[in-house]
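Coordinates in review
Take a look at the letters that make up each chain.
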Amino acid sequence: MIRLIRRADVTAIHSLISIAVAAVLTLVISTIVLFLTAKAPVDALMQLLTYPYQGGTVIVQWSKALNMAAYLGVIGLGLSICYRANVWNIGAEGQFAMGGIGAFGTWLLLGSPTAWWAIPCLIMGGAFAGLLWASIPALLKTQANTNELLTSLMLVYVAAQTLFFVSNGPWQAPVRYSPSQTVFLPESVQLNAIIPGVPTFHMGLPIALGLFIVIALVVLYTPFGYRLKVTETTPRAARFAGYSPRVTVWAVFLLSGAMAGAMGAIYLMGDIGYVTEESNFLRGFGFSAIVVAFLGRLHPVGILLAALLLGYVAGGASWIQANLREDDSIAGFIEVIALMSTLASALFLQYRVQWRGFATQPQENR
Amino acid sequence: MTANDAVSLELNSGQILALLGENGAGKSTLMKILAGLTQPDQGTIEIQGVDVVIRSPNQSRQLGIGMVQQHFALFDGLSVLDNIALGLPKIARSELRERAMQLATTYGFQLDLDDTVFSLSAGEKQRIEIVRTLLSEPKILILDEPTSVLTPQEADQLFDAIRRLADRGHGIIFISHKLDEVARLCDSAVILRRGRVVGTCDPRGGAQSEMAAMMLGSQLPDRTQRGTRTLGAPQLVIHDAQSTQGDAAIKSLTLHAGEILGIAGVAGNGQDALFALLSGESSMTQERALKWLDQPVGGLDPNARRSQLGWAFVPEERLGHGAVPHLSLTENALLTNLADPTFASNRLIHWSHVTQTAESIATQFDVRHAGLHRQARSLSGGNLQKFVVGRELIKNPTLLIINQPTWGVDMGAARHIRDAINTLAEAGGSVIVISQDLDELFELCDTLCVINHGTLSPPRLIDDWTLVELGLAMGGQTTETIS
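This section reports on the structure supplied with the text. (Residues numbered from 1 in each chain as written. Chains lettered and ligands numbered in written order. Predicted model: local features only at pLDDT ≥ 70, side-chain atom pairs only at ≥ 80, totals over all residues.)

The next thing to look at is the interface of chain B and chain A. As a measure of interface size, the accessible area lost when the parts come together is often cited. Taken residue by residue, the interface counts 31 residues in chain B and 20 residues in chain A. For the side of chain B that touches chain A, the secondary-structure elements that each account for two or more residues are α2 (57-62) and α10 (302-309) of chain B. (Contact = placed C-beta atoms within 7 Å. Helix = DSSP H or I, 4+ residues; strand = E, 2+ residues; numbered from the N terminus.)

The phi torsion at A:N145 lies on the positive side, around 55 degrees, for a residue other than glycine. Structurally, A:N145 is set in the loop between α5 (118-144) and α6 (148-168). Residues other than glycine seldom take positive phi values, yet B:N396 does so here, at roughly 45 degrees. Checked against the element boundaries, B:N396 lands in the loop between α13 (381-393) and β15 (399-403).

Our focus in this paragraph is the nonpolar core. Among the nonpolar cores identified, the biggest contains 130 residues, and B:L20, B:I172, B:F174, B:V431 and B:V433 are the most heavily contacted of them. Taken together, domain 1 (16-216) and domain 2 (234-482) of chain B each give at least three residues to this core, which thus spans both. Setting aside anything within four residues of it in sequence, one finds B:V431 in contact with B:I260, B:L261, B:L400, B:I402, B:I421, B:L424 and B:A425. Formed by 104 residues, the second largest nonpolar core is a distinct cluster that contains A:L163, A:A251, A:F281 and A:I320. (Core = buried A, V, L, I, M, F, W, Y, C linked by C-beta atoms within 7 Å. Buried ≥ 20, exposed ≤ 12 C-beta atoms within 10 Å, placed from the backbone. Domains from an automatic or database assignment.)

With that settled, consider the pairing of strand β14 (residues 311-314) of chain B. All names here are of chain B. Along β14, one buried face is formed by W311 and F313 and the opposite face, lined by A312 and V314, is buried too. Relative to β15, β14 is paired through four bridges, and the arrangement is parallel. What sits directly across from W311, in β15, is L399. (Pairing = 2+ DSSP bridges.)

All names here are of chain B. Spatial strand order, β4-β5-β6-β1-β7-β8: six strands in an open sheet with mixed pairing. At either margin of the open sheet sits one strand with a lone partner, and together these are β4 (65-68) and β8 (196-201). On average, each strand axis in the sheet is inclined to that of its neighbour by 20 degrees, with strand direction left out of account. As defined by bridge partners, strand β7 (residues 188-193) adjoins β8 across five bridges and the pair is classed as antiparallel. Bridging across to β8, V190 finds its partner in T200. Relative to β4, helix α5 (residues 122-134) is tilted by about 170 degrees, and along the sheet it contacts β4 and β5 (140-144). Running at roughly 150 degrees to strand β6 (residues 171-176), helix α6 (residues 152-167) makes contact with β1 (16-20), β5 and β6 of the sheet. (Axes fitted to C-alpha atoms, helices over the stretch in contact; angles between N-to-C directions.)

Set out below in structure tokens:
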């Protein structure tokens, strides 16, 4: 019989081993699946892993991956703060959408300016809208003890409908535009490309990186980060330390909502330029960021690596779809396999396995 | 440390025997010996006049000993019948169903064999365990704290079933520390204390106070070696304090400077709720009910009590309450100092000061550790307790509230902790000690009160208590007459 024995002390070496195990598992399982499903598996695998160097412009391919990683990383870091406080915010997608709407609304409120100073205002407007959207599940949880898992998820659909409403209703652009969208933000209020000709590598990326670093430092080194560490595994010790659970719920919801909202604003100004319906505006960053948070073991460094990994894989999947006519849903599959492998290997971080042979009878292990 | 020291007991068929004792009294070890999980160093076990040696759980079962554990070992996703079948040698389903049904009707268990386990209540799950145990036809049935998860109604049904089992000739060992249940159900009781049998009695007819006294100590400990302290001015005055959840109440209590007040009581009588009320972890109905130096302080949270009043708290549970298991010792040194600006401001933690403090705690309180960066859970219980107590005492608190200061701690560490508490009181600090160890309370305390069902009796000078009165108060019989 196999027995799991709790480790007395978990060290950095155990951590590294378990991450390596997860990486190997992901690679092996993904390869098997690719071989079962792809038309030209060897080619597909090769190109999936090395797509920036497969004939396209290297910098363009890399910047696609980095662009995606920026959204996943910042939103994932925000979500990790919630999860460490045992608050299950899975509505980042909605907070992201409201961030886009809030930024565009801010632009309209300011009187449709074309000056550069509109950019920080729009980012703050987006962050504030995300924060407001996240405050709804926080309020329901602290006042009515509602399950935030359900409320935050349901609000994603409300936010999606709001996108539909504004882009077909009050903010709908004049007829010369395509239907169901708002007007474009002026060039001067968009986040322009840093390298000419590479639109996905825009000013929003360094802003996202700055935001990520600031929040990561807060999580790692401040009393707020300590609060998360204590609350994560021992709510009882958190109360003993004087932390109010209510304040924790509010703080993590507002912070993560503002982060997702700010990224919604950056997406609006850097990647798309207008608000439109759900199917064209939302790309699932808010949901993939949940995977990123757990893949990174809720630690900022891990989340950064996980975001880069998933960004890279997603870029590779769209490459093999475009060039080899392979199914790009392999990206979603790898995402899930990576998550499962990480969760499974985390078990062995906490426990060591002991093989006791077949001799003992199962009843005695009860 | 001897968990069981020359324990003898005798069980007749048809008898319901209570095995009473505090946590750590040696009940579990004794039962592990009967279950074949632990081997005794000496002594004999006889079943129906035959000397036996129990080497394994299987053998224990074959000898006719059946044990129902406190925690269920059931598969939630399987049906009742599947769960019963799992613990048994292979027999035909139809036959098993018939036998299980027959047992259930004989003993009055309502059990639908086709229900899925996850939909059942704790009482029903326990019935599955009992039926499963009974199917191996035990002569002796051991029930380990069976009522701890049951509602009072479910407990009543269980007691009926136990009586029927006894009527049919089973010998029953009922492990508990709930005195009223023992008095209702059992026809004899063996009381264990620190691994020894300290008494046997007939629990029927109001022997509760006698049993409580035996559980806690056969005589009042000697106090001659302890000098009398002169107490200072009143510091803490409590009047009609009640927790909002209603699980703890204090009628009236005054604590002086330099006073050590003990709170005695049988386990599970609301000690934790009382601790939470005093530490501010649970809220109280009236802010004025709790006064410190004439100021109402009942509305303050734990950190405000620490930083504004200079109080300090040590909870019973070391890991998970007093310390965070997966954080390092250094990080744990910060846990109760968050409101102190020398440890942390709003933006920054002053790690050098935290580390220094952790080092001083370790040296002054003799904490044996393999590095302050190691996780708290890597320490032994005694060392961690010294760390947690040291973290509070090093602050020289004005009031220390400490729950079970030396529970599960070796003699040396216990000595160290008690000495430190005494030193604090001699320097003028006030202390409230909640403990289930009468020896400890009599060694430390100036005054003593008793907690029963969440309510605290008025305190009295420790020399004014007699053993009989203490027993009565702990058995919860006539709190009014002794107040």
